[in-house]
Structures are given as structure tokens and as C-alpha cells.
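Analysis of the macromolecular model
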Amino acid sequence: MDIGPLYQLAGGILLFSVVIYVMLMGESNYHKDGLVGKLHTFITHSFWVFLRKAIHRILPSFIYVRLEALCSYVFFKKNPFLPLLYFSLVFGSYAVVVWEVLPLLPSPSLGSQHLYTTHLALWFVLGLFLHLCFCDPGIVTKENVEFHTNKYHYDGLIYFQRDCSTCKTVKPARSKHCAMCGHCVARFDHHCPWINNDVGAGNTHKFLLFLLSTSLLFVYGSYLCTYICIDIADDHNLFADNYPGNGGPLSYSDIFQIMAHHHAPLVFLAMLAGIMGVVVFVFGCHSLYLIGRGRTTNEIQKWETIWYLFENQALVKNCWEEMKGNWEEFKHRTDLSNKKKSEWTDKDRAYEEYFSEFVRLTKEEIVNTYNNGFFANLREALFYNSWQNPNSKFHNAKPSTIGLPSIDTTYFEQK
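Presented here is a report on the structure given in the accompanying data block. No experiment lies behind these values; they were computed from the predicted model shown.

1. Quick look at a nonpolar patch on the surface
On the surface, a nonpolar cluster with roughly 510 Å² of combined accessible area is contributed by Y223, Y227, I230, F239 and Y252. If one sorts the elements of the nonpolar patch by residue count, helix α7 (residues 204-235) sits on top with three residues. Topologically, F239 is positioned in the loop between α7 and α8 (252-262).

Structural data, given as C-alpha cells:
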């Protein structure tokens, strides 16, 4: 029995799953110093630095400069490239279903209702996608800044009351200025290049629905293609106990190879749609997990830095006025924990003496006051406009009055 192709398929799926896991979890505190963290750094940084240097050496300067400008536009500027790619993938898959699947319906495994549900599912997802591309993600303006500011308190830990130097308005807690879109967004989660728009207070609920419906659409397409393949294989007696010329039944690997040879678009789409459905579903679960913990994607790195400072005894109380926004003071302090005292320089001892004047934060004082419990956090994300913050006692309170520390804000620059 030749099971080589099945092993290759399983290996490809496993490799793809590992890459997705590394991309999603590589920056977490649990993995960042281990193998997964190193792989994440290699995929997202080291490889591209090496590739950039190699291309720079190979290509003439005038071509390299233009190529670099193109890459900068595609990856770091707001552009329609990925939305158009999404449309191409979805419509390409739709074309395969229309030409290869629907003409065979109804089949022994699939009823005639799929002639209608296929079109409804696709156009629902595409309509939602187009809406997300152009809808308001929760842009903070002078007219609504008070509304958004009253939604959340400044916790004095990762958010402080300040103005946006670009928009010239107060930055509500949990907001961020998106440099790609050019505006501040309330409860900013992330900039999604696939929809060419931000995900924030105004469209988080729609984005979650989009992830769920896209995942179901991919799985549905994989389901249709898989069962049509089974029906075709059965119609050609590939599952027969005594296949002609084989002296016995065909192995699953043989059946897979025959179908892949004669019906490549169906087999490829069944596998690709199934994998993508799982990937989008996992991303949706990750988004729900963050919501359940009272965090946004934008806040992941902020909280990890808080714990990094705490572990290196550099997270101290009431130091914002003293430090005057000098992050280098904090950075140097964290470096001291990795050096033996016998190796300290005069500058190192001066920094240690400076920090000894501050009261360091205890673990119990590092509290995410935006976490109100899973269901309350979910209501907040889904019904932001009508949602009322249960921690109203924190509203309009200065950091020193709510029992939380103040730290340097330049590292947590929100634009």
C-alpha cells in the first residue's frame, strides 16, 4: 500500500499548523525565550533582514530602491492589496464550486438545497466583508471624544490621560492613533490589512461575526467538495472490493492520487478551504479569549512589558514625574539584573542608587481593571455603545488615587 501522498499531506498540514501556532503564540511570555519565540523572531524579523540584505547585494540600486518602496507601500501603508487578494481567493473558490460542484447536484450525498445555500452563504460573507472595509471602527473626533472618554478610566498602569499630538484631541483610555489610517480609534484592537481598516469599538462585533461566518464558509466549501469527490469516486467504483486490474480494493492513498489527478481543483479546494476554515476559527477563538480576559490585541505587548519590568524589579510607583519620560532609565535598570554586581560600572551603581529611592510594585498591585469577567467583557465588546463600565468608581480618577502605579508612558506610545 502506497501511503506516501497521505504522509505528505499530513506533513504539510502539520507544518502549516506549526507556523500558525508560532505566529500567534511566539511573542507570549511563555514562549518568547524558548524555541517557539526564536522561530517567531526568525519568521517575522531575522529572515526578512537576511533577505533584504541579499536582495540589496544582487539587484542594482535603482531597482532595489523601487522594490523597497513597493514593499513599504504593500506592508506598511493603507492599500487595497490584501482586500483584492481576499476577493480573488473567495471568487476563485466560488468559481470552482459553480463549475465543478453545483452541476452535479443533487448527488447521493448532497441534496438540492445546496444549490441555493451556496450562493446565500457566499454573498452574506462578501457583503459583511465590504461593510467592514468601509464602516466606522470607532474613530475618535472632537464631537464624540467625551462619549468615548467616559467609557473607560485611565488605570495609571498602561493608560494615562494625554492628548494625541496628531488629532489634537484627548486620547480616551484603551484608544490608539493608527498611523496607517491617520486617526485615533476607541478601544483599538488592531489594524486588519485584510479589510484595510481598523478593528475597534465601532466594529469589533461585526469583525467577530465576519471571522465566524468566514470560517463556516470555508468549512462548508470543504464539505461540499469532499462529498462530491466521494460521490465521484464511488460512481467510478474506486471503493470497490475488487477494483479491476488491481486484484483487490484500492488503498486510500491510491484513491487520493486518482482523484487529485483527474479532479485537481476539487481536491485542492477541499483541502485548502478546510485548512483555512480551521485557521480563521482559531484566530476567532483567540480574539474571544482576549475579550474574555479584558484585553485587546493592542494591549498584549503592553501587559507583557509590565510583567517584564516587574520581573526585572524596574516597575516602580509614582515615577512618571521623576523620570520625565526617560525610558532609557528603565531600560538600563532592567539590564542590571543580568549583570553581576562585581561587573557594575559607576554608572550602573548610580542607576541602582537612583532606583532604590522608589517603592517597587508588588505582584498584587498589577491588576487589569478593565477585566470585568468573561460575559461582562463580551457584552462590552458586542454592545459598546450601550455598555456602561461597572468600574465607574475609577472614572476621572488620577492614577495616584486609584491605588495603581504610574510609570513612564513613552514606551507605551499610543501612536
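Read on for the rest.
2. Describing the packing of aromatic side chains
In total, this model carries 19 aromatic pairs according to the counting rule given. Aromatic side chains F91 and Y94 sit 6.4 Å apart centroid to centroid with 70° between the ring planes, which places their arrangement in the edge-to-face category. Of this pair, F91 and Y94 both sit in helix α4 (residues 81-101), three residues apart, which is roughly one turn of that helix. Considering the side-chain rings of Y152 and Y384, the 6.3 Å spacing of their centres and the 35° angle between planes classify their relative orientation as tilted. With Y152 in the loop between α6 (145-149) and β1 (176-178) and Y384 in the segment after α14 (374-382), this residue pair connects regions lying 232 residues apart in the sequence. An aromatic cluster is defined as three or more aromatic residues linked by ring pairs; in this entry it consists of Y86, F87, F91, Y94, W123, F129, F207, F210 and F283. Lying over the aromatic face of Y384, K151 brings its terminal NZ or CZ to 5.2 Å of the ring centre.

3. Re empty space enclosed by the protein
The final tally for this structure, using the stated rule, is two cavities of 30 Å³ or more. Space inside the largest cavity adds up to approximately 80 Å³. Lining the largest cavity are D189, H190, V199, T204, F207, L208, S287, L290, I291 and R295. Elements supplying a minimum of two residues to the lining of the largest cavity: α7 and α9 (264-292). Here the residues of the lining of the largest cavity sort into five nonpolar, three polar and two charged.

4. Brief notes about the nonpolar core
Residues V101, I195, F207, F210 and M259 are the most contacted members of the largest nonpolar core, which totals 42 residues. Breaking this core down by element, the ones donating at least two residues are α4, α5 (114-134), α7, α8 and α9. Top element by residues in this core is α7. It accounts for twelve residues. Discounting chain neighbours no more than four positions away, the residues touching F207 are L132, H190, C192, I195, V199 and F283.

Cut-offs used in this document
Residues numbered from 1 in each chain as written. Predicted model: local features only at pLDDT ≥ 70, side-chain atom pairs only at ≥ 80, totals over all residues. Heavy atoms only, no water. Patch = residues over 30% accessible without salt bridge, like charges linked within 9 Å, V, L, I, M, F, W, Y side chains within 5 Å. Areas by Shrake-Rupley, 256 points an atom, 1.4 Å probe, with all protein chains shown as cover. Salt bridge = Lys/Arg side-chain N within 4 Å of Asp/Glu carboxyl O. Helix = DSSP H or I, 4+ residues; strand = E, 2+ residues; numbered from the N terminus. Phe/Tyr/Trp six-rings, centres within 6.5 Å; stacked < 30°, edge-to-face > 60°. Lys NZ or Arg CZ within 6 Å of the ring centre and 35° of its normal. 1 Å grid on protein atoms, 1.4 Å probe; cavity = no way out; pocket = protein on both sides within 12 Å on 5 of 7 lines; lining within 4 Å. Points joined across faces, edges and corners; volume = space filled by probe spheres on them. Nonpolar A, V, L, I, M, F, W, Y, C, P; charged D, E, K, R; others polar. Core = buried A, V, L, I, M, F, W, Y, C linked by side-chain atoms within 4.5 Å. Buried < 20%, exposed > 50% of the residue type's maximum accessible area, 1.4 Å probe, protein only. Contact = heavy atoms within 4.5 Å.

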